[in-house]
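Coordinate inspection notes
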Amino acid sequence: MFSTIMTDEDGNISVASIGLVITHEASPADFEKMLTNRQASATWSGGIFECKGFDALMPAGGENDYTLEQLQEAVGGNIEPVRVPESDYVTMLVNEEGLLHDLPLNQLASMIARKGIVGTVVLIDAEDLK
């Protein structure tokens, strides 16, 4: 999805993927700006992504290694993978019980998945989902 360059205490450099958290407040226009690097309302600050409706999710278990608990916390419950059409590289994780809990419609996630998606979602590299 996205990646960041990280250095350890010895100065070794590695690249880690970053999950993208998208809430129901996310704007398709801001997403387009972010993807095209025209970040009028999206900025990186000290390694944290700041844009209303979006957040970065760094792997808690180390390089490209998300924990189940971390992913569940991000979506607010048990996770369910949703296929992203025309992409073998990205997986969308949603709250498995989002409809039961009457979570709000996530317009941007629905556009990406090409079906109705509710609540907060996480987009990660498909390879990072183990």
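Numbers given for residues are sequential positions, taken from 1 along each chain in its written order. pLDDT decides what is reported in this predicted model: residues at 70 or higher carry local features, side-chain atom pairs at 80 or more are listed and counted, and totals for whole chains, interfaces and linings draw on all residues regardless. The side-chain values count all of the structure's non-hydrogen atoms but skip hydrogen atoms and water molecules.

**Focus: the overall build of the chain**
For the chain, the count of helices and strands is 3 helices and 8 strands. Numbering of helices and strands runs from the N terminus, with a helix taken as a DSSP run of H or I at least four residues long and a strand as a DSSP run of E at least two residues long. In the chain, the succession of helices and strands from N to C terminus is β-β-α-β-β-β-α-β-β-α-β. A simple rule labels every residue: compare its accessible area, found with a 1.4 Å probe on the protein chains alone, to the largest value its type can have, and call it buried under 20%, exposed over 50%, or partly exposed in between. The 130 residues of the chain split such that 38% are buried. The protein chains shown are the only cover counted for residues, whose accessible areas, like all others here, come from Shrake-Rupley with a 1.4 Å probe. Carbon and sulfur atoms make up 50% of the accessible area of the chain, which amounts to about 7600 Å² in all.

**Remarks on the nonpolar core**
Judged by nonpolar contacts, the single largest core of 17 residues is most densely connected at I22, M92, I112 and I117. Of all the secondary structure elements, the ones that give two or more residues to this core are β2 (13–22), β7 (90–95), α3 (107–113) and β8 (121–125). The biggest single contributor to this core is α3, with 4 residues. When neighbours within four sequence positions are excluded, I117 is seen to be in contact with V82, M92, V94, P104, L105, N106, A109 and S110. What makes a nonpolar core is a set of buried Ala, Val, Leu, Ile, Met, Phe, Trp, Tyr and Cys residues whose side-chain atoms join them at distances within 4.5 Å. Counting 9 residues, the second largest nonpolar core, distinct from the first, contains Y66, L71, V75 and L93. Two residues qualify as a contact provided that any one of their heavy atoms is within 4.5 Å of a heavy atom in the partner residue.

**Some words on unusual backbone geometry**
Leave glycine aside and you will find that most residues have negative phi; peptide bonds, for their part, are mostly trans. One non-glycine residue, D102, lies in positive phi territory at about 55°. By the secondary structure assignment, D102 is in the loop between β7 and α3. For D102, a relative accessible area of 67% translates into the label exposed.

**Here we look at the pattern of salt bridges**
A pair can form between side chains of opposite charge whenever their charged atoms are brought close. By convention in these notes, a salt bridge is any Lys or Arg side-chain nitrogen within 4 Å of a carboxyl oxygen on Asp or Glu. Evaluation of the coordinates by the stated rule reveals 1 salt bridge. Its salt-bridge partner being E86, residue R114 comes within 3.0 Å of it at the nearest N-O pair. Placement of the pair is R114 in the loop between α3 and β8 and E86 in the loop between β6 (79–83) and β7, with a sequence separation of 28 residues. There is no split in this pair, since R114 and E86 are both exposed.

**Brief notes about the side chain of Q70**
With respect to the helices, strands and loops of the structure, Q70 is situated in helix α2 (residues 68–75). If sequence neighbours within four positions are ignored, Q70 has contacts with L57, M58, P59 and A60.

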